[in-house]
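# Survey of secondary and tertiary structure
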Amino acid sequence: MVVITGGATGIGAAAVRKFASEGYDVALLDINSEAGTELSEEKHRGKIRFFQTDVRHKNALQESVDQAVQQFGPPSVLFANAGIQKLSSLFSLKEEDVDAIIDVNLKGTLYAVTAVAPFMRETRSGHIVLMASDQAFVGKEGSIVYGATKGAVAQLTKSLSVELSPLGIHINAVCPATVRTPLTERIFQDIADTQFEGDIDAIWKAEAEAIPIGRVATPEEIAEVVFFLTQPASSYMTGALIPVDGGLTAQ
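In short, a report on the structure. Position numbers for residues start from 1 in each chain and track the written sequence from start to end. Predicted model: local features are reported for residues with pLDDT of at least 70 only, side-chain atom pairs are reported and counted for 80 or more only, and whole-chain, interface and lining totals are derived from all residues. Only hydrogens and water are set aside; all other atoms, that is, all heavy atoms of the structure, feed into the side-chain values.

### Observations concerning the environment of Lys 205
Strands are runs of DSSP state E lasting at least two residues, helices are runs of H or I lasting at least four, and both sets are numbered from the N terminus onward. Considering the arrangement of structural elements, one finds Lys 205 in helix α7 (residues 200-209). Judged by relative accessible area, Lys 205 falls into the exposed class, the value being 53%. Residues Lys 205 and Val 216, spaced 11 residues apart in sequence, show a C-alpha to C-alpha distance of 9.3 Å. Residue burial is assigned from relative accessible area. The probe radius is 1.4 Å, only protein chains are included, and a residue is buried under 20% of its type maximum, exposed over 50%, and partly exposed in between.

Here it is as structure tokens:
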């Protein structure tokens, strides 16, 4: 069984479809009930079950994981993907935005691992993939708090690998550059409105030109890497931060 947080849209949804198409049963955890329910109704080799879950709340996340285990059995994979982003300069930070980003991106990731890892410890096996970012390596304007949380997730990956690897649990993090998702679309629209006279195509073009490969990623490309990190072919990888960034951080 696979547990995916933030699985209703974007990279999470692509990962849900990838695992389900490969025959895995998937527990999809998200706050977006409309998109989560719709995705759970798709037909794949594996079953998809939606559990409405706010990852900021440890008990609620644990309850959803426990319910998924009752339906599908112990988890072999966790993809802790849920995250949010709100752009802001240092001089216009809002306390509620700082709290929300830290609660979802950092605490929610940690809570997902604490909910799933005990089951993996019992079976002495499992693969955990955390959603970090290219901002584990580089800074970006207006992305102070988001970047800080993704740097923290990168360190979480390393620290947890020391504890979990002897238990047969592999943990790695993917670090994508810009991916065309609903979240990014909303952020780019805000930037376009303030810096590009509302021309969102112009900001997508500028973003693509900043990446050596010349384009942004699709959610499916990131999901493929996540899937690889849960397969026997990646058996000697743990504690790794894997850039999936079109060469951005190689510059």
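Right, picking up where we left off after that structure.
### Looking at α7
For α7, the set of buried residues is Ile 200, Ile 203, Trp 204, Glu 207 and Ala 208. End-on view of α7: buried residues confined to an arc of 140 degrees, all on one side of the axis. Of the residues in α7, the exposed ones pointing more than 90 degrees away from the buried face are Asp 201, Lys 205 and Glu 209. Any pair of residues with heavy atoms lying within 4.5 Å of one another is described as a contacting pair. Summarising the contacts, the buried residues of α7 are in contact with α6 (182-195). In this context, the arc is that of the directions from the helix axis out to the C-beta atoms.

### Focus: the sheet that holds strand β5 (residues 126-131)
Note: two strands are recorded as paired if DSSP finds a minimum of 2 bridges between them. Spatial ordering of the open sheet is given by β3-β2-β1-β4-β5-β6-β7, a layout of 7 strands whose pairing is parallel. What marks the edges here is a single partner per strand, and that holds for β3 (48-52) and β7 (241-244). Strand-to-strand twist across the sheet, computed as the mean angle between neighbouring axes with direction ignored, equals 20 degrees. As judged from the 5 bridges shared by strand β2 (residues 26-30) and β3, these two strands associate in the parallel manner. The partner of Ala 27 across the bridge, within β3, is Arg 49. Helix axes use the C-alpha atoms of the stretch in contact, all axes being lines fitted to C-alpha atoms, and the angles between their N-to-C directions lie in the range 0 to 180 degrees. Here helix α4 (residues 95-123) sits on the sheet in contact with β1 (2-5), β4 (77-80), β5 and β6 (169-176), set at roughly 175 degrees to β4.

### A closer look at the environment of Leu 93
Tracing the chain through its elements places Leu 93 in the loop between β4 and α4. Put simply, Leu 93 and Ala 15 are 78 residues apart on the chain and 32 Å apart in space, counted from C-alpha to C-alpha. Among residues more than four places away in sequence, those in contact with Leu 93 are Ser 88, Val 98 and Val 145.

### Regarding the side chain of Asp 245
Looking at the element boundaries, Asp 245 is found in the segment after β7. Note that His is not counted, nor are the chain ends; the positive residues are Lys and Arg, and the negative ones are Asp and Glu. Take a side-chain nitrogen of Lys or Arg and a carboxyl oxygen of Asp or Glu: if they are within 4 Å of each other, that pair is a salt bridge. We note that Asp 245 is buried and unpaired, the nearest opposite charge coming from Lys 140 at a distance of 8.7 Å. Polar contacts involving the side chain of Asp 245 include one to the side chain of Thr 249, which spans 2.5 Å. Setting aside chain neighbours within four positions, we find Asp 245 in contact with Cys 175, Ala 177 and Ile 211. For the purposes of these results, a polar contact is taken to be a pair of N or O atoms within 3.5 Å, where, inside protein, one atom must be able to donate a hydrogen and its partner to accept one; residues adjacent in sequence count only when each atom of the pair is a side-chain atom.

### Remarks on helix α8 (residues 219-228)
Among all positions of α8, only Pro 219, Ile 222, Ala 223, Val 226 and Phe 227 are buried. Within α8, the buried residues cover an arc of 145 degrees as seen down the axis, which keeps them to one side. Of the surrounding secondary structure, the elements contacted by the buried residues of α8 are α1 (10-21), β4, β5, β6 and β7.

### Details of the packing of aromatic side chains
Each Phe, Tyr or Trp ring (for Trp, its six-membered ring) is paired with any other whose centre lies within 6.5 Å, and the angle between the two planes then decides the class: stacked below 30 degrees, edge-to-face above 60, tilted in between. Evaluation of the coordinates by the stated rule reveals 4 aromatic pairs. Ring centres of Tyr 24 and Phe 227 lie 6.2 Å apart, and the angle between their planes is 90 degrees; this geometry places the pair in the edge-to-face category. Of the two residues, Tyr 24 sits in the loop between α1 and β2 while Phe 227 sits in helix α8, which places them 203 residues apart along the sequence. Judged by its relative accessible area of 22%, Tyr 24 is partly exposed. Since its relative accessible area comes to 12%, Phe 227 is described here as buried. Three or more aromatic residues joined by ring pairs make a cluster, and in this case those are Phe 19, Tyr 24 and Phe 227. The criterion is that NZ of a Lys, or CZ of an Arg, lies within 6 Å of the ring centre and within 35 degrees of the ring normal, and then a charge sits over that ring. Note that Lys 18 overlies the ring of Phe 227, its terminal NZ or CZ placed 4.8 Å from the centroid. Here the guanidinium or amino end of Arg 180 rests over the ring plane of Trp 204, the centre of that ring lying 3.9 Å away.

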